[in-house]
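Coordinate inspection notes
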Amino acid sequence: MKLGVCYYPEQWPEDWWADDARRMRDIGISHVRIAEFAWSVIEPEPDHFEWSWLDHAIETLHDQGLSIILCTPTATPPKWLVDAHPDILAVDAQGVTREFGSRRHYCFSSAVYRQQSQRITRLMATRYGEHPAVTAWQTDNEYGCHDTVLSYSPAARRAFRGWLKVRYQNIEALNHAWGSVFWSQCYRDFNEVDPPVAAVTETNPAHRLDWQRFASDEVVAFNREQVQILRELSPGRSLTHNFMGFFTGFNHHDVAADLDVASWDSYPLGFTQMFFLSPDEKTRWARSGHPDIASFHHDLYRGMCVGKSADDGTGSSDDKKTGRWWVMEQQPGPVNWAHWNPLPYNGMVRLWTWQAFAHGAELVSYFRWRQAPFAQEQMHAGLLRCDRSDDQGALEAAEVGKELVQLRQKLPIDNLSVRPNVALVFDYDALWMTQIQPQGADYNGLELCFRIYSAFRQMGLDVDVVSPHAVLSHYRLIVLPAMHHVSAALLAKLSASTAEIVLGPRTGSKTANFQIPANLAPGVLAELAGITIQRVASTPPGIAHEILLDGQTLTATRWREELRLNAATAEAWFEDGGVAISRHLLVRYVAAWLSPNSWYTLLRIAAVDAGLMVTDLPAALRVSRLGELTMVFNFGDEFLTWMPSYRAENLLGGAVLAPRDIAVWRSLP
Ligand code: GAL
């Protein structure tokens with residue numbers, strides 16, 4: 001459990017750096033991320049390098065014993081490079097070039113940019129790769145931020161054709177996979193295929209899915225090129241990339257496969273305002289963030305780099321089931337980019353930090369050290385204010401720093417792991433399918449994953465959000481919330497499992513090529529679930545269906561299906577007698593979009609069936625287990641009480657939690 005910070009020495013007078021480094025140390029910070037946007041100050045002219053400032057910054061941090069997470073600066077190619085090679089710029093869906101002037105102004109398919117990315121990576125790794133202070137590297141910054149995965153440039157078009165050729169070998173196979181006979185879309189040659197854009201109306205969904213897969217593979221390849229150079233020239237360092245929240249623009253599992261540590265950027269208040277929460281939720285959680293937004297991502301990113309070991313001093317997890325992960329950017333105060341940017345309540349920065357540790361984070365790094373008085377993010381808080389005084393974030397980070405020292409005196413805290421019994425299967429490819437053909441304007445697969453996740457947290461259960469390729473054999477409850485397509489390999493794992501299984505609506509409803517399975521939905525799951533889906537319908541707002549489940553009434557909106565029971569039996573019915581939830585051996589299929597409370601009711605039954613201990617927590621209270629520790633978080637405005645039901649020692653806080661307070665308990669034998 002380490003603290004870090006994102007620092008931009010190039011933005012501050014050089015004679016402030018030593019003081020900054022000393023104050024970081026005093027707060028309890030051990031890791032500093034630098035240089036992700038520094039290309040134009042490292043190489044102000046082509047092949048003319050200004051290394052001295054970066055050398056000095058690294059030495060200054062090193063002198064204070066700080067570890068450095070050095071970044072490749074490829075998220076911001078310099079102006080001279082863009083002017084020399086305008087074709088490195090991406091092109092949007094309207095055919096408009098996305099110009100220089102902000103950041104992420106490059107197309108992943110640009111051959112020139114790929115060479116430039118490797119060139120600058122090699123130069124930086126050659127200079128600093130073996131520096132003792134450099135313990136980790138971050139590749140680029142937030143792939144896909146500002147909607148930058150898809151580019152409709154000529155380079156992307158060419159690369160897409162090449163990608164299709166590799167995938168399908170011959171054009172007939174593509175025509176068959178895409179169903180090109182529909183609307184006379186048959187192609188004679190791969191070179192006839194364009195990106196799915198600017199057509200009169202909806203383009204072929206299989207075409208769009210392949211375009212998305214292709215674009216994702218471009219991100220993977222871009223990242224891999226940097227990784228290969230860093231591994232060669234900077235051996236033994238942890239390689240990471242900082243992923244984002246609620247973002248599905250590329251397959252993160254594929255990118256993470258090349259990394260040692262998954263990291264992500266946690267902005268709970270920004271996400272609360274910007275994503276699918278209801279207006280009431282946005283108001284209620286405006287200053288604390290929805291209690292499950294950060295943890296959903298913690299548990300997702302913990303599942304990315306499974307089975308990697310650490311040798312960079314951030315602690316290690318030798319357990320193959322637990323992935324190494326960090327929070328690379330932690331919100332320290334108001335951000336600048338959401339529709340509204342409220343102040344976090346006092347205590348939230350501390351709470352968010354502890355919540356990340358509770359979910360297994362090796363490092364929580366704040367964004368940013370000091371608020372910038374200039375440019376785009378001048379309204380974004382830092383730990384420090386622009387005038388170098390401590391802002392609330394610094395005070396709370398320092399408090400965590402002290403608490404960590406206190407805790408370490410009592411027990412070793414750096415090698416504990418999270419061991420959930422519940423797995424939520426999360427698949428980017430399947431989510432793209434829900435996005436490409438939602439069939440109802442409010443059908444959002446990502447939201448469905450989040451609502452199901454949130455229900456589990458509200459009943460006090462820890463959750464692993466896992467890839468479809470994950471080992472599933474040790475879980476007692478497995479949920480597939482939004483898996484349109486289920487592979488043969490996943491089917492085999494589910495069939496062999498002794499866990500309770502819950503299948504969300506539309507699971508198995510498509511083939512890998514985005515077609516309706518020959519045996520109808522749920523396709524390959526038909527036998528396991530013992531049902532066939534015969535009709536489906538999206539439901540306009542204002543229409544709700546009641547579902548009767550064992551004396552309780554659930555509510556469904558947005559989506560319902562009509563299913564035929566083959567081997568399964570009915571467990572719940574719509575008010576008109578249709579089957580809403582089926583059950584076959586250990587498998588439930590849910591034929592509707594349930595309200596959050598209804599998911600809670602149903603999943604609680606499934607959890608009890610799985611033999612799990614559920615606790616109905618107040619909406620603002622969360623409990624997480626990490627090794628022998630249990631950590632409790634009060635996100636709300638009222639005092640709340642939580643006591644362990646087993647023999648335990650209290651390490652931080654207590655049974656009564658003030659608003660925004662935390663408690664840490666250690667179970668005793
Ligand atoms: C992140 C980004 C940072 C900074 C931050 C502001 O998305 O990686 O560079 O812009 O947001 O909240």
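Quick caveat: nothing in here was measured; it's all calculated off a predicted structure. (Residues numbered from 1 in each chain as written. Predicted model: local features only at pLDDT ≥ 70, side-chain atom pairs only at ≥ 80, totals over all residues. Heavy atoms only, no water.)

This part takes up the site of the ligand. Residues in close proximity to the ligand include Phe37, Arg103, Asn141, Glu142, Asp265, Tyr267, Glu329, Trp337, Phe367, Glu377 and His380, which together make up its full environment. Side-chain polar atom of Glu142 to an oxygen atom of the ligand: 2.4 Å apart, as the coordinates give it. In this structure, an oxygen atom belonging to the ligand sits 2.7 Å away from a side-chain N or O atom of His380. Contact with the protein chains hides 95% of the accessible area of the ligand, taken as 310 Å² for the molecule alone. Of the residues that constitute the shell around the ligand, the class distribution is four nonpolar, two polar and five charged. (Near = heavy atom within 4 Å. Polar contact = N/O pair within 3.5 Å; in protein donor to acceptor, adjacent residues only side chain to side chain. Areas by Shrake-Rupley, 256 points an atom, 1.4 Å probe, with all protein chains shown as cover. Nonpolar A, V, L, I, M, F, W, Y, C, P; charged D, E, K, R; others polar.)

For the rest of this paragraph, the subject is helix α6 (residues 154-168). The terminal C-alpha atoms of α6, which comprises 15 residues, lie 21 Å apart, in line with the 21 Å expected from a rise of 1.5 Å per residue. Those residues of α6 that sit buried are Ala155, Ala156, Phe160, Arg161, Trp163, Leu164 and Tyr168. Those residues of α6 hidden inside the fold are in contact with α7 (171-178) and α8 (205-233). One or two residues past the end of α6 sits Gln169, with phi positive at roughly 65°. (Helix = DSSP H or I, 4+ residues; strand = E, 2+ residues; numbered from the N terminus. Expected span 1.5 Å × (residues − 1). Buried < 20%, exposed > 50% of the residue type's maximum accessible area, 1.4 Å probe, protein only. Contact = heavy atoms within 4.5 Å.)

Our focus in this paragraph is the sheet that holds strand β2 (residues 29-34). The parallel closed barrel is built from eight strands, whose spatial order is β1-β2-β3-β4-β5-β6-β7-β8. The average undirected angle you get between the axes of adjacent strands in this sheet is 25°. Across five bridges, strand β1 (residues 2-7) lies against β2 in parallel orientation. Residue Cys6 lies in a different strand from β2, and its bridge partner there is Arg33. Along the sheet face, helix α12 (residues 293-301) touches β5 (238-243), β6 (261-266) and β7 (325-330) and points at about 165° away from the line of β6. (Pairing = 2+ DSSP bridges. Axes fitted to C-alpha atoms, helices over the stretch in contact; angles between N-to-C directions.)

Now for the packing of α6 against α7. Between α6 and α7, the shortest axis-to-axis distance is 8 Å and the interhelical angle comes to 90°. With respect to their mutual orientation, α6 and α7 come out roughly perpendicular. Facing Phe160, Leu164 and Tyr168 of α6, the residues of α7 in contact are Ala173, Leu174, Ala177 and Trp178. Split by residue class, the contact of α6 with α7 holds seven nonpolar, no polar and no charged. (Parallel < 35°, antiparallel > 145°, perpendicular 65-115°, else oblique.)

Here the protein shows a mean pLDDT of 96. Residues at 70 or above account for 98%. Every residue in residues 310-320 scores below 50 in pLDDT, and together they form 29 contacts with partners more than four places removed in sequence or on other chains. (pLDDT = per-residue confidence, 0-100.)

Attention now moves to the sheet that holds strand β20 (residues 621-626). By definition, the strands of a sheet pair up through backbone hydrogen bonds, in either a parallel or an antiparallel sense. Spatially, four strands are ordered β20-β21-β25-β23 in an open sheet, and the strand pairing comes out antiparallel. Each edge of the open sheet is held by one strand with a lone partner, namely β20 and β23 (648-652). Taken over all neighbouring pairs, the strand axes of this sheet differ in orientation by 25° on average, direction set aside. Inspection of the sheet shows β23 paired to strand β25 (residues 662-667) by four bridges, in the antiparallel sense. What sits directly across from Glu649, in β25, is Arg666. The sheet strands contacting helix α13 (residues 348-358) are β20, β21 (629-634), β23 and β25, and the helix crosses β21 at an angle near 150°. Sheet contacts for helix α14 (residues 392-410): β23 and β25; angle to β23, the most-contacted strand, approximately 150°.

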